[in-house]
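Here are the chains, one letter per residue:
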Amino acid sequence: VQSVAEDFDFFYFVLQWPGAYCDSRHSCCYPKTGKPAADFGIHGLWPNYKTGGWPQNCNPDSQFDDLRVSDLMNDLQREWPTLSCPSNDGMKFWTHEWEKHGTCAESELDQLDYFEAGLKLKQKANLLHAFTNAGIKPDDKIYEMKDIENTIKEVVGFAPGIECNKDSSHNSQLYQIYLCVDTSASKFINCPVMPHGRCDSRVQFPKF
Ligand code: 5GP
Ligand code: 5GP
Ligand code: 5GP
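Because the structure is predicted, anything quoted here is derived from the model rather than measured. (Residues numbered from 1 in each chain as written. Chains lettered and ligands numbered in written order. Predicted model: local features only at pLDDT ≥ 70, side-chain atom pairs only at ≥ 80, totals over all residues. Heavy atoms only, no water.)

Participant: What exactly am I supposed to notice about the state of the cysteines here?
Facilitator: Here a disulfide denotes one covalent bond, and it connects the sulfur atoms of two cysteines. Under the counting rule described, the total for this entry stands at 5 disulfides. Here Cys29 connects covalently by a disulfide to Cys85, the sulfurs 2.1 Å from one another. What sets the handedness of the Cys29 and Cys85 disulfide is the S-S torsion sign, and at about 105° it is right-handed. Of this pair, Cys29 sits in the loop between helix 1 (18–22) and strand 2 (41–48) while Cys85 sits in the loop between helix 2 (73–79) and helix 3 (91–100), and the two are 56 residues apart along the sequence. The class of Cys85 is partly exposed, set by a relative accessible area of 38%. (Disulfide = S-S within 2.5 Å. Helix = DSSP H or I, 4+ residues; strand = E, 2+ residues; numbered from the N terminus. Buried < 20%, exposed > 50% of the residue type's maximum accessible area, 1.4 Å probe, protein only.)

As structure tokens, this is what we get:
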């Protein structure tokens with residue numbers, strides 16, 4: 001019996017540190033709902049192939065519909081805040097994430113499932129809590145990448161991908177954390193392929 005071809009192999013669940021988005025070259029704008037908490041925010045849940053490539057914009061007929069996620073609106077504003085300018089309510093960011101990435105996972109998750117899965121995964125990882133327990137704080141100080149990696153590995157169970165960017169003084173700083181997730185978006189898995197992160201061995205954890 002011929003099985004249905006898989007559309008993708010796994011997800012990257014990508015979290016962003018707002019302090020690193022905001023103090024980089026492009027700077028940022030707080031959403032209309034106010035300054036986000038000093039916590040990791042969700043960037044997206046991105047279908048990927050184990051060969052490193054990915055599909056995107058898979059279904060132009062599937063537009064983001066805020067009515068389908070109206071029950072999640074408060075959680076999205078809190079956990080999936082937009083930092084791009086000009087200041088807006090986040091609808092543009094969620095529309096972009098759904099249309100570019102979410103539509104490529106529609107065989108697994110409808111729109112409500114997709115955003116709900118992101119929210120649940122963030123809660124499950126609880127990265128800021130793990131960092132705090134390990135003495136790693138967003139205090140503008142320099143931390144060893146291996147301490148950051150090990151802390152995440154201990155709570156999530158698998159090694160993360162980590163992406164850095166540069167602040168205005170060109171210091172390498174913690175920007176995004178990539179966790180790999182199974183195709184049902186319910187559990188963390190070992191990454192089939194790591195995203196290409198650019199971090200020095202010592203990185204700054206900027207304040208927000
Ligand atoms: P950048 O070039 O800034 O790393 O990524 C630009 C955009 O490309 C991201 O916002 C994301 O939508 C997409 N992208 C980058 N890397 C990956 C990846 O490894 N997997 C997927 N699915 N999308 C990616
Ligand atoms: P990079 O040079 O960082 O691998 O990719 C630069 C840009 O090329 C990404 O931000 C993304 O826009 C695009 N890109 C690279 N690989 C893929 C892929 O497998 N699929 C798609 N759709 N875009 C890709
Ligand atoms: P990606 O294509 O990498 O999934 O998402 C990047 C796009 O989302 C860019 O067009 C960017 O302007 C927009 N965007 C809106 N809010 C944010 C935010 O808070 N962080 C990031 N990284 N991109 C955002």
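Participant: Sorry if this is basic, but what is going on with the site of ligand 1 here?
Facilitator: With respect to spatial proximity, the complete set of residues near ligand 1 consists of Tyr12, Trp46, Pro47, Asn48, Trp54, Lys100 and His101. In this structure, a nitrogen atom belonging to ligand 1 sits 2.5 Å away from a side-chain N or O atom of Asn48. A distance of 3.4 Å is found between a nitrogen atom of ligand 1 and a side-chain nitrogen or oxygen belonging to Trp54. Protein chains shield 66% of the accessible area of ligand 1, which is 490 Å² for the free molecule. Here ligand 1 is seated within the largest pocket. (Near = heavy atom within 4 Å. Polar contact = N/O pair within 3.5 Å; in protein donor to acceptor, adjacent residues only side chain to side chain. Areas by Shrake-Rupley, 256 points an atom, 1.4 Å probe, with all protein chains shown as cover. 1 Å grid on protein atoms, 1.4 Å probe; cavity = no way out; pocket = protein on both sides within 12 Å on 5 of 7 lines; lining within 4 Å. Sits in = over half its atoms within 2 Å of the grid points.)

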